[in-house]
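Here are the chains, one letter per residue:
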Amino acid sequence: MKTRTSLTILVLFAASGLPCQADYKMGPRKLIQAYYTHLYESYKPEFKFSEGRDRELIAAGAVAYIFLAGHRDEFQGNELASPIIRKSIQGVKAAQSPDGSFGENEAGPDRVNPTAIAVLALTAASNPDYSPLIQKAESWLRNLNDDRLDVSGRFLKLLALNKGTISAQSALPVLALLLEMKSDNTPEVQALTLLGSALIREFSEGGGVIEKNKLEQIPQWDALTDQATKSLSGFIANKQVSGACIAVRTLHSCMYAQKRKK
């Protein structure tokens, strides 16, 4: 019986077209590149990632987000040159309602996830043309009472309103949400927990102040890399693009952490 790690490698090598070596442990950079290849080859030329308007919107926004947030220097001001990013951004922009939210469901909690993902994607583009869309969406998010949201909705709302990063003001609320999210075993929530943990570690290593006892509750980079790899493999196997993108965003952080150590 293959181990979970071996299965992960097999799935991702198959997705990337690389030679299959089950005993080879791919680093974050190669895992990310393999998933990009998988996205291009599996969904071209239309780049439709899911069925149902809201699910497609979340997937398209997540795809745009990982390319734009993970590779700002490469795509800033030039995001529309990439077909996968261009079509994803076009799909996101077309889904905004007059009240500023994104999605098909009636305005309310069900729109928080697509709206937050849309804000993250459009913000990551660093395109001033998107500012009016972002501002309307942010206003809608601020006016939405957190008491109406589940824990993942609260996390995504907080992340979107903080431009996809952790600040001195948001660090403690994020830590509190992570503790709550750990008790939810659904793959999507666990993937968001890993992402939040990676962002907290980045914040701390960038000079942000986190109490030692609180930081000790956050997995180390090696553990985050292993867990994000398993998460990515599972989402690929289930053809769940938005979840896979969350795992890839975590792997971005792991990749840059490795570079900082060097």
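Residues numbered from 1 in each chain as written. Predicted model: local features only at pLDDT ≥ 70, side-chain atom pairs only at ≥ 80, totals over all residues. Heavy atoms only, no water.

Chemist: Got a sec to walk through the packing of aromatic side chains? Specific residues and values, please.
Modeler: All told, the structure shown has four aromatic pairs when counted by the stated rule. Judged by centre distance (5.7 Å) and plane angle (90 degrees), the rings of Y40 and F47 are edge-to-face. Summarising the aromatic geometry, the rings of Y40 and F67 are spaced 6.3 Å apart at their centres and angled 80 degrees between planes, so their arrangement reads as edge-to-face. Taken together, the residues Y40 in helix α2 (residues 28-43) and F67 in helix α3 (residues 53-70) connect sequence positions 27 residues apart. Note on Y40: relative accessible area 28%, which makes it partly exposed. On the basis of relative accessibility, which here comes to 4%, the residue F67 falls in the buried class. (Phe/Tyr/Trp six-rings, centres within 6.5 Å; stacked < 30°, edge-to-face > 60°. Helix = DSSP H or I, 4+ residues; strand = E, 2+ residues; numbered from the N terminus. Buried < 20%, exposed > 50% of the residue type's maximum accessible area, 1.4 Å probe, protein only.)

Chemist: Outline the environment of T165, listing residues and values.
Modeler: Along the chain, T165 falls in the loop between α8 (151-161) and α9 (171-181). Taking the C-alpha atoms as reference points, T165 and E202, separated by 37 residues in sequence, lie 9.1 Å from one another. Leave out the neighbours within four places in its chain, and T165 touches L159 and S170. (Contact = heavy atoms within 4.5 Å.)

Chemist: How would you summarise the environment of H71 if you had to cite specific residues and measurements?
Modeler: Checked against the element boundaries, H71 lands in the loop between α3 and α4 (72-75). Between the C-alpha atoms of H71 and H252, which are 181 residues apart in sequence, the distance is 9.2 Å. Setting aside chain neighbours within four positions, we find H71 in contact with Y36, I66 and H252.

Chemist: Explain helix α5 (residues 83-93) to me, and be specific about the residues and the numbers.
Modeler: If you check which residues of α5 are buried, you get I84, I85, S88, I89 and V92. For α5, the angular spread of buried residues about the axis comes to 120 degrees, placing them on one side. (Arc of directions from axis to C-beta.)

Chemist: Pulling in residues and values, what's your account of the nonpolar core?
Modeler: Y35, L39, F49, I200 and V241 are the most contacted members of the largest nonpolar core, which has 85 residues in total. The greatest single-element share of this core, amounting to 11 residues, is contributed by α3. Residues contacting I200, with those up to four places away along its chain left out, are I166, A171, V174, L175, L178, L215 and I218. (Core = buried A, V, L, I, M, F, W, Y, C linked by side-chain atoms within 4.5 Å.)

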